[in-house]
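Spelled out from the first residue to the last, the chains are:
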Amino acid sequence: MTKLKHLFLLVCIAGCLTACEKDFPVDNHDPIAQFTTDTNAIRAFVTKNNIVTKKDNEFGVFYQIIEPGTGNIEYKYNTQVTANYTGKLLDGTLFETKNGAVFTLGGLIGGWQIGIPLIQKGGKIRLLIPSFYAYGNVKNGPVPANSVLDFTIEITDLQQATN
């Protein structure tokens, strides 16, 4: 009888693991290949839409400084940023728009951490962010996994970090 209980327990555990795999599939994601795909998509997008951008040489985020703003805030991890922004997918789908949103720089997605310090208060920037510096290969609300993000951000206020 004990062997039968152990066999039943083993079958139950195997069934649970199989069911879990359907919800959490084995990840075969290749971030380097995805980054190349994203970069090619951004290049095609800016060419098609005649958008003049620069590419951050260190990280690969594309940006267009629309207005540099004024000031001399030295950004730190805990710099408080107040912004108006819109977020779209490359196909033009609007997934978020906010006015007066307040963030700490270090709490933002990587693409924002790279792009926001390029402008000051009153500045406006467009960021085309490869998925690696956005939400990666994870769906986030209305944003599908592996999505390149197109943000237009206006900085309305900055608070210098105190430490």
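Keep in mind that what you see is a predicted model, and the values were worked out from it rather than measured.

About the thresholds
Residues numbered from 1 in each chain as written. Predicted model: local features only at pLDDT ≥ 70, side-chain atom pairs only at ≥ 80, totals over all residues. Heavy atoms only, no water. Helix = DSSP H or I, 4+ residues; strand = E, 2+ residues; numbered from the N terminus. Buried < 20%, exposed > 50% of the residue type's maximum accessible area, 1.4 Å probe, protein only. Contact = heavy atoms within 4.5 Å. Areas by Shrake-Rupley, 256 points an atom, 1.4 Å probe, with all protein chains shown as cover. Core = buried A, V, L, I, M, F, W, Y, C linked by side-chain atoms within 4.5 Å. Pairing = 2+ DSSP bridges. Axes fitted to C-alpha atoms, helices over the stretch in contact; angles between N-to-C directions. pLDDT = per-residue confidence, 0-100. Salt bridge = Lys/Arg side-chain N within 4 Å of Asp/Glu carboxyl O.

## Structural notes on the overall build of the protein chain
- If you tally the helices and strands in the protein chain, you get three helices and six strands.
- Listed by position from the N terminus, the elements making up the protein chain come as α-α-β-β-β-β-α-β-β.
- In the protein chain, which comprises 163 residues, the share counted as buried stands at 34%.
- Partitioning the contacts of the protein chain with sequence separation of at least 6, the portion at a separation of at least 24 is 65%.
- On the protein chain, roughly 10100 Å² of surface is accessible, and the fraction owed to carbon and sulfur atoms is 56%.

## Structural notes on the nonpolar core
- Residues W112, I129, L149, F151 and I153 are the most contacted members of the largest nonpolar core, which totals 28 residues.
- The element contributing the most residues to this core is strand β6 (residues 149–159), with five residues.
- Those residues in contact with F151 that sit more than four places away from it in its chain are Y85, T86, G87, F95, I109, W112, I125, R126, L127 and I129.

## So, the environment of I125
- Tracing the backbone through its elements, the reader meets I125 in strand β5 (residues 124–129).
- Assessed through its relative accessible area of 0%, I125 is described here as buried.

## Some words on the sheet that holds strand β1 (residues 54–55)
- Reading across the sheet, the six strands line up as β1-β2-β5-β6-β3-β4 and stay open at both edges, with antiparallel pairing between neighbours. For this open sheet the edge positions go to β1 and β4 (94–104), each flanked by a neighbour on one side alone.
- By the bridge criterion, 10 bridges tie strand β3 (residues 80–89) to β6 in an arrangement that is antiparallel. Residue Q80 lies in a different strand from β6, and its bridge partner there is Q159.
- Along the sheet, helix α2 (residues 31–48) contacts β1, β2 (62–67), β5 and β6; its crossing angle with β5, the most-contacted strand, is approximately 130 degrees.

## So, the environment of I119
- Locating I119 in the fold gives a position in the loop between α3 (110–115) and β5.
- On the basis of relative accessibility, which here comes to 0%, the residue I119 falls in the buried class.
- If we skip the residues at most four places from it in the chain, I119 touches I65, E67, P68, Y75, K124, I125, I153 and I155.

## Some words on the confidence of the model for the protein chain
- Across the protein chain, the average pLDDT comes to 87, with 82% of residues at 70 or higher.
- Every residue in residues 1–26 is under pLDDT 50, and counting partners more than four places away or in other chains gives zero contacts.

## What to know about the pairing of β4
- Pairing geometry for β3 and β4, over eight bridges, is antiparallel. Pairing of A83 across the sheet is with A101, part of β4.
- The antiparallel hairpin formed by β3 and β4 contains four residues in its connecting segment, where G92 sits at a positive phi of about 95 degrees.

## A closer look at the pattern of salt bridges
- Considering all chains together, one arrives at three salt bridges under this definition.
- The salt bridge partner of E96 is K98, with a shortest N-O separation of 3.8 Å.

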